[in-house]
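Chain by chain, the residues run as shown.
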Amino acid sequence: MMKSLILVMLWCAHQAAGAAVMVAVYLETFQSGVWKVPEDTLHNLTLSLGFNASEVICDHGSDLKEAQLVVTVMPDEEWKLDFVDTKANFTAEEVCEGVNKSLTFSGYYWGVTRLTFLLTHNDLDPYFTNSTLLRDDLMILVDRKAHALDLIFIIFASVFMLFNNINMGAQLDLQIIKDVLRRPLGPVCGFISQFAFMPLVTFIMGRIFFDDPLHRLGIFTLGCSPGGVMSNFWTLMFNGDINLSITMTAVSTIAAMGMMPLWMYTLGGKLLEENANLKIPYGNLAGSLISLTLPVAVGIFIRYKRPSWAEKGARIIKPFTFIV
């Protein structure tokens, strides 16, 4: 349970002393930071109010049962979360006793929503007119529900793709790859298309079609990303040059280690008011490179040691790729 550092100052007449005493009200929640919840599921957001000078407020006797304090929660965009009730009503007595109240909600918009908590009613303060900010540091991250079928699908799909990458490696001709690298016209054309044409085009598209800087950054990031394994599958399906495709995929993934930071910190910085949080996914890039080159290397080794296996793999590679 985290106590907010943001305090709301209110005045309360101390009956015994007959003087005005400044008292601080704070809000506590049982969740803090980023709270990850699955979609379309009811969740209870538990709140608690407190007085910093409780010994002053909580000596008022029966008046505490009548005095009401209301906390209202507001998502940064109302349609992202569905609250059964956005208001939590406390009596001053309940605040003194540390009573918790819950607000029930569900989320159907995947992504992050910031919650703002306001004190919207306060009977203890005769001069209270406007809503007062209590805190705005709780983020709700709505994610899709996890199903057992998801895990089964991921395992089978990963095994199929691994097998297919090995089989593609078994169909490669190392001499052709060496010739491609000696006269790299194809990789150079691919490099220019991937890391010059695509970033510039997606930057312009973002400016034309989107107003939100994050949406512009999203499509621009896509344009700066290297080609993936699926491009090799499509090349194989349509009788393209699989040797060139796999070579280009490896080259573009390696090049992305330098080209993505270059574009993201130049044009990408212009798409956000603050670009301090931009992070290049070096780990994902390295993982993508390993997931491509390691199975392909195994396939090349199989072709070298067991040519008959490579020939058998050639007979099933297209229908198997179509299934994948």
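The coordinates are above.
What you see as residue numbers is a count from 1 along each chain, following the sequence as written. Given that this is a predicted model, residues contribute local features only at a pLDDT of at least 70 and side-chain atom pairs are listed and counted only at 80 or more, while totals for whole chains, interfaces and linings are drawn from all residues. Side-chain measures here rest on the full set of heavy atoms in the structure, leaving out hydrogens and waters.

Caption draft 1: Summary view of the nonpolar core. As used in this record, nonpolar core signifies buried Ala, Val, Leu, Ile, Met, Phe, Trp, Tyr and Cys residues forming a set joined through side-chain atoms within 4.5 Å. When accessible area is computed with a 1.4 Å probe and restricted to protein chains, residues below 20% of their type maximum are described as buried, those above 50% as exposed, and intermediate ones as partly exposed. With 31 residues, the main nonpolar core has Leu45, Leu47, Leu49, Leu115, Phe117 and Ile140 as its most contacted residues. Only heavy atoms matter for contacts: two residues are in contact if any of them lie within 4.5 Å across the pair. Not counting residues within four places of it along the chain, the set of residues in contact with Leu45 comprises Gln31, Trp35, Phe83, Lys101, Ser102, Leu103, Phe105, Leu115, Phe117 and Leu138. Among the nonpolar cores identified, the runner-up in size contains 17 residues, and Phe195, Ala255, Met264 and Leu272 belong to it.

Caption draft 2: Representation of a nonpolar patch on the surface in the model. Patches draw on residues past 30% relative accessible area with no salt bridge. Two like charges within 9 Å are joined, as are two nonpolar side chains (Val, Leu, Ile, Met, Phe, Trp, Tyr) within 5 Å. In short, Shrake-Rupley with a 1.4 Å probe defines the accessible areas, and a residue's cover is counted only from the protein chains shown. When a carboxyl oxygen of Asp or Glu is within 4 Å of a side-chain nitrogen of Lys or Arg, the pair counts as a salt bridge. Together, Leu149, Leu151, Ile152, Ile155, Phe156, Val159, Phe160 and Val324 make up a nonpolar patch on the protein surface, roughly 750 Å² of accessible area in all. Labels follow the DSSP assignment, with helices taken as runs of H or I lasting at least four residues and strands as runs of E lasting at least two, numbered in each case from the N terminus. Of note, Leu149 is situated in helix α4 (residues 148-170). The class of Leu149 is exposed, set by a relative accessible area of 61%.

Caption draft 3: Spatial organisation of helix α8 (residues 229-237). By the burial criterion, the buried members of α8 are Val229, Asn232, Phe233, Thr235 and Leu236. Within α8, the buried residues cover an arc of 160 degrees as seen down the axis, which keeps them to one side. For α8, the secondary structure elements touched by its buried residues are α4, α9 (242-264), α10 (282-305) and α11 (307-323). Downstream of α8 by a residue or two, Asn239 has a phi angle that is positive, lying close to 60 degrees. As used here, the arc belongs to the directions running from the helix axis to the C-beta atoms.

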